[in-house]
Amino acid sequence: MKPISPLGPSASERLNRARGDLRMGLPVQLEGQGLATAVEALTPDRLAALRALGPLTLALTARRAQTLKARVYDGDLARIRVPEEADLSWLRALADPADDLRMPMKGPLISLREGDSAPARAAIRLIKSAHLLPAALLVDTPETLPEGLTAIRVAEALEAADIPQSFAPVSAARVPMRAAEAGRLHIFRPDNGAEEHYAIEIGKPDRSKPVLARLHSACFTGDVLGSLKCDCGPQLDAALTMMGEQGAGVLLYLNQEGRGIGLANKMRAYSLQDQGFDTVEANHRLGFEDDERDFRIGAALLKKLGFASVRLLTNNPAKSAMLEANGITVSERVPLKVGRSRHNAAYLATKAAKSGHLL
Ligand SMILES: Nc1nc2c(ncn2[C@@H]2O[C@H](COP(=O)(O)OP(=O)(O)OP(=O)(O)O)[C@@H](O)[C@H]2O)c(=O)[nH]1
Ligand SMILES: [Zn+2]
């Protein structure tokens, strides 16, 4: 499926278009392997139209399937037969753990063993990257396909995760900040239409020496609202202040809200935390891994900015390891222990116990 002319979409452009379609509730055509749509955005009309095309399969991640006690035959995912009488609320209840505790019995769920799981896997990956609940409704190749659907190849969707995004600088300007007057904000845009990320350069860091650096993941609740449930806001302030005091530094503000699951899903995770689950369990019940961030982005942006070596402000050793694995030297890890309160003590303890963070 090569672009017909330089004006036609490339594989990654088609994938990004497919993400937009899935968010609107449109099915995506998996070339030669049927249609897939996101349960979260599905309407009753579209469900009826998909059902008319053939038997339906619901794909869930193995994490979600484990919570639902559905058998997992496909490693990282389960394909579940959708009964003929199943309606949208049946599908939604399997996709969304909000009411799991109130209505635990959803079965019997019959998982499929036969057939190719690759189309389901491709659909789940796309839906995750669209920041929707990871649940896909699939229908096998119908005879006549509706016109105008975005077509992607299953192999392309599966390979996409292996291809690091490349970024272009878009614009930059001086932004004096409370924490550091000599600030400059740079905007970077990926080549595939995905999210932009930002770099805040403080002073004029010497590119030949390790720079004081922070890879900060977006946290609307912590950074903007001053939420006490996490330590993000105080970490952001403390990092910029330290860079201001030392006269130089670089803070990457990575738009990977909620450790890469998006703000809507993070609020679902918070609701589950109010039901008694910890931050890791909540992600798993939703069907996500505890961390869905692409850690290569930080390394790519540092290189774009001309940095090869950093003194990294973090309590997360996985971040240092990721930078090293992607060609950035971490000469020192600088701990960033601020903003601790009774509201986030359990959260930080869980991250230390389950995600390898240093307390
Ligand atoms: N899914 C989810 N994301 C959360 C939760 N609390 C905070 N976040 C997100 O977690 C990200 C910050 O990650 P952390 O795990 O706190 O820290 P880190 O970036 O891995 O490590 P540090 O460099 O030490 O801060 C931000 O994107 C937040 O939006 C939560 O309960 N669930
Ligand atoms: Zn936070």
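Residues numbered from 1 in each chain as written. Chains lettered and ligands numbered in written order. Predicted model: local features only at pLDDT ≥ 70, side-chain atom pairs only at ≥ 80, totals over all residues. Heavy atoms only, no water.

(A) The UniProt feature "active site" (unreviewed entry) in the chain, seen in detail. Here, the residues flagged by UniProt with the feature "active site" (unreviewed entry) are D291 and R293. If you take the residues mentioned a moment ago, the ones lining the largest pocket come down to R293. Residue position: D291 is located in the loop between α11 (279-286) and α12 (296-304). If sequence neighbours within four positions are ignored, D291 has contacts with R259 and N283. Looking at where R293 falls in the secondary structure, it is placed in the loop between α11 and α12. Of the residues examined, R293 reaches a relative accessible area of 14% and is grouped as buried. Other than its neighbours up to four places away in sequence, R293 contacts S217, Q256, R259, G260, N316 and K319. (UniProt positions renumbered as here; feature names shortened; annotations may be inferred. 1 Å grid on protein atoms, 1.4 Å probe; cavity = no way out; pocket = protein on both sides within 12 Å on 5 of 7 lines; lining within 4 Å. Helix = DSSP H or I, 4+ residues; strand = E, 2+ residues; numbered from the N terminus. Contact = heavy atoms within 4.5 Å. Buried < 20%, exposed > 50% of the residue type's maximum accessible area, 1.4 Å probe, protein only.)

(B) Quick peek at the layout of surface pockets. Of the pockets and cavities examined, the largest pocket occupies roughly 1,200 Å³. Going through the elements one at a time, α1 (11-24), α5 (118-129), α6 (154-159) and α12 are the ones with two or more residues in the lining of the largest pocket. A per-class count over the lining of the largest pocket returns 15 nonpolar, 12 polar and 15 charged. Residue contributions to the lining of the largest pocket reach at least three from each of two domains, namely domain 1 (11-159) and domain 2 (167-256 + 293-355). Empty space within the second largest pocket amounts to approximately 600 Å³. Lining the second largest pocket are 39 residues, with C230, C232, R259, Y347 and K351 positioned closest to its centre. At the level of elements, β10 (211-217), α8 (232-246), α9 (257-260), α10 (263-274), α11 and α14 (345-355) are the ones that each hand at least two residues to the lining of the second largest pocket. At 6 residues, α14 tops the list of elements feeding residues into the lining of the second largest pocket. (Points joined across faces, edges and corners; volume = space filled by probe spheres on them. Nonpolar A, V, L, I, M, F, W, Y, C, P; charged D, E, K, R; others polar. Domains from an automatic or database assignment.)

(C) The arrangement of the nonpolar core in detail. Membership of the largest hydrophobic core comes to 32 residues, with the highest contact counts inside it found for L58, L91 and L137. Counting only elements with at least two residues in this core, the list comes to α2 (44-51), β3 (56-61), α3 (62-68), β4 (77-81), α4 (88-95), β5 (135-139), α10 and α11. Element by element, the count of residues in this core is highest for α4, at 4 residues. If we skip the residues at most four places from it in the chain, L91 touches V39, L42, L47, L58, V82 and L137. Core analysis: the second largest hydrophobic core is formed by 23 residues, A18, L77, I127 and A157 among them. (Core = buried A, V, L, I, M, F, W, Y, C linked by side-chain atoms within 4.5 Å.)

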